[in-house]
Amino acid sequence: MKKVVILISGRGSNMQSLLEAKLPCEFVAVISNKADAGGLKIAQQHGIPTAVVSHRDHADRAAFDMALAEVIDSYQADLVVLAGFMRILTTPFVERYRGKLINIHPSLLPSFAGINTHERALQEGVKIHGCTVHFVTPTLDSGPIIIQAAVPVLRDDTPAKLSARVLREEHRIFPQAVRWLCREQVWLNSDGRVATNRLEQPGAALISPGLS
Ligand code: GAR
């Protein structure tokens, strides 16, 4: 069974969705860069070992990433999952975990990389927004995409309302992506593209606003 380490920075709702999804893997640790991350308590309630590697204790990104990698490697992780981990990672760190490092991002990438995705989606007036799970590569939020979910943007949306609608879908697609990776049904090919041995299952079209 694959050993999975989850990295968080905050409340940990995506982490919780993974811990509760009965996935075919062993969650060996949850690591946070913030000691007060709410998700650490949730992990402990699930009996998962936790650790804190504070970015504040390190002189620069390189030193922080080295320290983080040491802790991850002490758990012999096969897969490292960024679940609301809000630190930009250096190229050596990302390359060390090539094909084993995935992230969930609250937008339909490549639109709205970076932060404040829901505010920016509303500002741009897009009618469809969503979330993406992707392999992490050195360029921020631009790695090969594993799965996406789309939601409609509604007329009276606020960033909070839209964020809640997207988050519900995050909690569905993230466990699915981890399940596929653990079962080796999806992987990162040497050409840098996502490969799969699953039968294609096309989803329904989302048209927003609706046609009627
Ligand atoms: C989630 O919406 C996740 O997609 C986002 O942070 C939130 C964390 O919530 N991640 C990023 O923005 C990464 N760039 P959670 O702690 O409740 O899972």
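Residues numbered from 1 in each chain as written. Predicted model: local features only at pLDDT ≥ 70, side-chain atom pairs only at ≥ 80, totals over all residues. Heavy atoms only, no water.

## A few points about the overall build of the chain
Looking only at helices and strands, one finds 6 helices and 9 strands in the chain. In terms of overall dimensions, the chain is globule-like: its C-alpha atoms have a radius of gyration of 17 Å, near the 17 Å expected for 212 residues. With an accessible surface of roughly 11,200 Å², the chain has 50% of that area assigned to carbon and sulfur atoms. Considering the chain, the positive charge centre built from 23 side chains and the negative charge centre built from 20 side chains are found 5 Å apart. (Helix = DSSP H or I, 4+ residues; strand = E, 2+ residues; numbered from the N terminus. Rg over C-alpha atoms; globule rule 2.2 N^0.38 Å. Areas by Shrake-Rupley, 256 points an atom, 1.4 Å probe, with all protein chains shown as cover. Lys, Arg positive; Asp, Glu negative; His and termini not counted. Charge placed at Lys NZ, Arg CZ, Asp CG, Glu CD.)

## So, the side chain of Ser 54
Structurally, Ser 54 is set in the loop between strand S3 (50–52) and helix H3 (61–74). Setting aside residues up to four positions removed in sequence, Ser 54 forms contacts with Asn 33 and Phe 64. (Contact = heavy atoms within 4.5 Å.)

## Quick look at the side chain of Asp 157
Residue position: Asp 157 is located in the loop between strand S7 (145–152) and helix H6 (159–182). Among the polar contacts listed, one links the side chain of Asp 157 to the backbone nitrogen of Leu 154, at a separation of 2.8 Å. The contacts of Asp 157, once residues within four sequence positions are left out, are Leu 122, Pro 152, Leu 162 and Arg 165. (Polar contact = N/O pair within 3.5 Å; in protein donor to acceptor, adjacent residues only side chain to side chain.)

## Some thoughts on the packing of aromatic side chains
Taken as a whole and judged by the stated rule, the model has 1 aromatic pair. Aromatic side chains Phe 93 and Tyr 97 sit 5.0 Å apart centroid to centroid with 55° between the ring planes, which places their arrangement in the tilted category. A single burial state applies to Phe 93 and to Tyr 97, both of which are buried. Across from the ring centre of Phe 64, 5.6 Å away, lies the NZ or CZ of Arg 87, which sits over that ring. (Phe/Tyr/Trp six-rings, centres within 6.5 Å; stacked < 30°, edge-to-face > 60°. Buried < 20%, exposed > 50% of the residue type's maximum accessible area, 1.4 Å probe, protein only. Lys NZ or Arg CZ within 6 Å of the ring centre and 35° of its normal.)

## As for the site of the ligand
Inspection of the region around the ligand gives Arg 11, Gly 12, Ser 13, Asn 14, Gly 84, Met 86, Ile 104, His 105, Pro 106, Leu 167 and Glu 170 as its neighbouring residues. Within the backbone of Asn 14, a nitrogen or oxygen atom sits 2.9 Å from an oxygen atom of the ligand. Against a free-state accessible area of 440 Å², the protein chains account for coverage of 87% of the ligand. Elements that contribute at least two residues to the shell around the ligand include exactly helix H1 (13–19), strand S5 (101–105) and H6. Tallied by class, residues from the shell around the ligand come to 4 nonpolar, 5 polar and 2 charged. (Near = heavy atom within 4 Å. Nonpolar A, V, L, I, M, F, W, Y, C, P; charged D, E, K, R; others polar.)

## A short note on the nonpolar core
Counting residues in hydrophobic clusters, the biggest one holds 42 residues, and the most contacted among them are Ile 6, Met 15, Phe 27, Val 81, Ile 102, Val 133 and Ile 146. Considering each element in turn, this core owes the most residues, 9 residues, to H6. When neighbours within four sequence positions are excluded, Phe 27 is seen to be in contact with Val 4, Ile 6, Leu 18, Leu 19 and Ile 48. Residues Ala 29, Val 53, Phe 64 and Tyr 97 belong to the second largest nonpolar core, which totals 22 residues. (Core = buried A, V, L, I, M, F, W, Y, C linked by side-chain atoms within 4.5 Å.)

## Re the environment of Pro 159
You can see Pro 159 is positioned in helix H6. Owing to a relative accessible area of 32%, Pro 159 belongs among the partly exposed residues under this scheme. Residues Pro 159 and Glu 119, spaced 40 residues apart in sequence, show a C-alpha to C-alpha distance of 5.4 Å.

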